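Summary of the model geometry
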Amino acid sequence: MELLQLAMAGLTAIILFVFGLENFSKEIERITGERFRKSLSSATNIPIIGVLIGALVTMVIQSSSATSVISISLVNAGVLSFKNSVGIIFGSNIGTTITAQLVAFKLTSFAPLLIVFGFALSMLHNRASIFGKTIFYFGFVFFSLNLISTTLEPLQQNEALIKILTQPHNPIYAILFGCIFTALVQSSSVTTGLAIIFTQQGLIGLENAVPLILGANIGTTATAFIAVFNMDISAKKAAFSHFLFNVGGVLLFLPALLIYGYKLSDITESPAVALAIIHLVFNVSASLVFTIFITPFTRVVDYLLGEGKMDFERIVLPQLDESDNLESVKHKLDTSAEQLFKFLQENYNSVTLSVETNYRGVYDAAEKRIQYVEFIKKEYLHFFANAVTLINKEDESKSLMKLINQFDYLFQVHDSIKDLFESKRVMNENYIELKSDLLMLIRSMSTQTLEFFDEIATEMRDKAAHADQQPLKRQAKQLQHEIDSANRNLLVLMLDSTRADAGSLINFVTYSQRLKDKLTNFASLNIKLEPDVNSPASG
């Protein structure tokens, strides 16, 4: 009975540790927001910088899994190249060793102070209070580790248990156990922290603890594999490289462990500190070796999974250079505006196709494209904020504001397309299927809308286009007629109590009207692109 109570108390302490670690990671992401993602996406072509970024970010958020998943999502969005993401993934393993160092050197004794300080700070009504929860959960993580340590102290008196755990076992079994346990708890920090505490308590021998933390490195890749299930080939390659790297690192050290592992039992002075140092040396060494051979490593991944193609072409995002002036910025934004407009047209087509076909794959593709525009909207805002520094005169300020308004209209168009997609999502949630007459209605309306997109694009590229925009106005009139006709038809169908699908489509037609109005507003800007601006969107 006493053993059962001890097991329940230990399990409760472990659950509190996992809870604290997860919430600490979430609080850090909440505070840093886009700056956190920006720090990842700013990795250059120099792999070691990616390694440093991955290490620093993971040290802060205490989760190599979170760093890997976010970097993989940036690859999926086309913001980060596959090769640059590999450097960040290598570095994430180094960053996660900070937990082991803090526990091993018993710096966790400050946990209660951090909890009290964090709680008090969160009660204040000022800007500093946003850090309160973060400090609280940081202290909570290590307080729970101390709790685990205290709870397990009675086990030190159980000679039979200690004999079993400290007796050297096959390291392969320990690696497998560490891998499976980490995959279940979704955190290598949990496995490593527990291994060090058990070593401090004398419950696990060092020769058993070392392979346990090696297995944790492999198990932590499970999170990334789950995350990339519906992502494109580049993201899948990033996740696969994470797995290969961690398995490869273990294989590099395994011969030494098998040959000299028995000598680990000779270390009697501060075995927990020794374990933390071994953990650090292992991760740093593996990261350096793989960084040196990053080019052949990525080629192997390319060979195994294939070069592949992204599921859609990404937009070339404008970057501000030191040599830029307002004219060069205008040129970049004109190029980008044309690409974004075309991308939005394709997004609209994807959304309406998801309604017409009701295929899950089309729906998922449309959702992903919309999420991508949500991401690049923030990137454009960052570019505009930097471009303001180039302004020296009032007329330049007006010119830049005109360019910014141009993109503001485009993102308003995106908002309406997103609303259309939300209408489809509601239909899916309520299991509503449209009958053939309504599918024909949507097809007719979407055809007219796509033609309106085409006419606006023609006006943008053709400097000799009619100044009065008569063809554009005719197309807008035809589209308005189609929308009005759809509204009339829906009102008639809604009188039929058996046509629940008609009621579900009302919002779709309303959002189509808003989209048409926003396209008209964008067309009224009468944007004329330079003749040489016709570069294709880059992948």
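Note that residues are indexed from 1 along each chain, following the sequence as it is written. Local features in this predicted model are restricted to residues whose pLDDT is 70 or higher, and side-chain atom pairs enter the listing and the counts only when it is 80 or higher, whereas totals over whole chains, interfaces and linings include all residues. Hydrogens and waters are ignored; side-chain quantities use all the structure's heavy atoms.

**Quick notes on the overall build of the protein**
Short version of the rule: Helix and strand assignments follow DSSP, with helices taken as H or I runs no shorter than four residues and strands as E runs no shorter than two, numbered in order from the N terminus. Reported accessibility uses the Shrake-Rupley method at a 1.4 Å probe radius. Residues are deemed covered only where the shown protein chains occlude them.
Broken down by element type, the protein carries 23 helices and 0 strands. Surface exposure of the protein reaches about 26,300 Å², of which carbon and sulfur atoms provide 62%.

**Here we look at the pattern of salt bridges**
Applied cut-off: Any carboxyl oxygen of Asp or Glu within 4 Å of a side-chain nitrogen of Lys or Arg constitutes a salt bridge here. Classification of residues uses two cut-offs on accessible area relative to the type maximum, computed with a 1.4 Å probe and protein chains only: under 20% is buried, over 50% is exposed, and between them is partly exposed.
One pass over the full model with this rule turns up 13 salt bridges. For the salt bridge of R443 with E356, the shortest nitrogen-to-oxygen distance reads 2.9 Å. In this pair, R443 sits in helix 20 (residues 436-461) while E356 sits in helix 17 (residues 326-357), placing the two residues 87 residues apart along the sequence. Linking R425 and E429 is a salt bridge whose minimum nitrogen-to-oxygen distance equals 2.4 Å. One end of the pair, R425, and the other, E429, are both in helix 19 (residues 394-429), 4 residues apart, so they sit about a helical turn from each other. Looking at R425, the relative accessible area reads 26%, which means it is partly exposed. According to the relative accessible area criterion, E429 is partly exposed, its value standing at 48%. It is possible to trace a salt-bridge network through shared partners that takes in E374, K377, D415 and K418.

**Considerations on the nonpolar core**
If you look at soluble globular proteins, the nonpolar side chains tend to sit buried side by side. For clarity, the cut-off: For the purposes of this section, nonpolar cores are sets of buried Ala, Val, Leu, Ile, Met, Phe, Trp, Tyr and Cys residues that join through side-chain atoms within 4.5 Å. For this analysis, residues touch if any pair of their heavy atoms sits within 4.5 Å.
Within the largest apolar cluster, 68 residues are counted, with the highest numbers of intra-cluster contacts made by L340, F341, Y380, F407, I456 and L505. For this core, the elements supplying multiple residues, two or more each, are helix 4 (64-76), helix 17, helix 18 (360-387), helix 19, helix 20, helix 21 (470-493) and helix 23 (506-523). Sequence-distant contacts of Y380, defined by excluding residues within four places in its chain, comprise I315, L317, P318, S336, L340, F407 and F411. One finds A111, Y137, V190 and L257 within the second-largest nonpolar core, a separate group that totals 39 residues.

**What about the environment of S189?**
In this structure, S189 sits in helix 11 (residues 188-200). Classification of S189 by relative accessible area gives buried; the value is 2%. Here the alpha-carbon distance between S189 and T97, two residues 92 residues apart in the chain, equals 7.8 Å.

**Quick word on helix 17**
Basically, it comes down to this: A helix is expected to span 1.5 Å for every residue after the first. N or O atoms within 3.5 Å of each other form a polar contact, as long as, within protein, one can give a hydrogen and the other can take it, and as long as residues adjacent in sequence are counted only when both atoms are side-chain atoms.
Between the first and last C-alpha of helix 17 there are 45 Å, a value that for 32 residues agrees with the 46 Å anticipated at 1.5 Å per step. Two or three places before E327, at the opening of helix 17, N325 has a side-chain oxygen 3.1 Å from that residue's backbone nitrogen. Two residues or fewer past helix 17, N358 is found with a positive phi of approximately 65°.

**Concerning the side chain of N283**
The residue N283 is located in helix 15 (residues 271-292) in this model. Separated by 2.7 Å, the side chains of N283 and N217 make a polar contact. Leaving out residues up to four positions away in the same chain, N283 has contacts with N93, I94, T97 and N217.

**What to know about unusual backbone geometry**
Residue N358 is not a glycine yet carries a positive backbone phi of 65°. Within the fold, N358 resides in the loop between helix 17 and helix 18.

**Examining the packing of helix 6 (residues 97-104) against helix 8 (residues 132-151)**
Let me state the cut-off plainly: Inter-axis angles, ranging from 0 to 180 degrees, are taken between N-to-C directions of lines fitted to C-alpha atoms, where helices are fitted over the stretch in contact. Note that the term roughly parallel is reserved for angles under 35 degrees, roughly antiparallel for angles over 145, roughly perpendicular for angles of 65 to 115, and oblique for everything else. Should the near helix be turned anticlockwise from the far one by less than a right angle, the crossing is left-handed, and should it be turned clockwise, the crossing is right-handed. In this count, Pro and Cys sit with the nonpolar residues alongside Ala, Val, Leu, Ile, Met, Phe, Trp and Tyr, while Asp, Glu, Lys and Arg are called charged and the others, Gly among them, polar.
Look at helix 6 against helix 8: their axes get within 11 Å of each other, and the N-to-C directions meet at 55°. As the angle between them shows, helix 6 and helix 8 are arranged oblique. Crossing geometry of helix 6 relative to helix 8 is assigned as right-handed. Residue-level inspection shows T99, L102 and V103 of helix 6 in contact with helix 8, the latter providing F138, F142 and L145. Of the residues in the contact of helix 6 with helix 8, the class split is 5 nonpolar, 1 polar and no charged.

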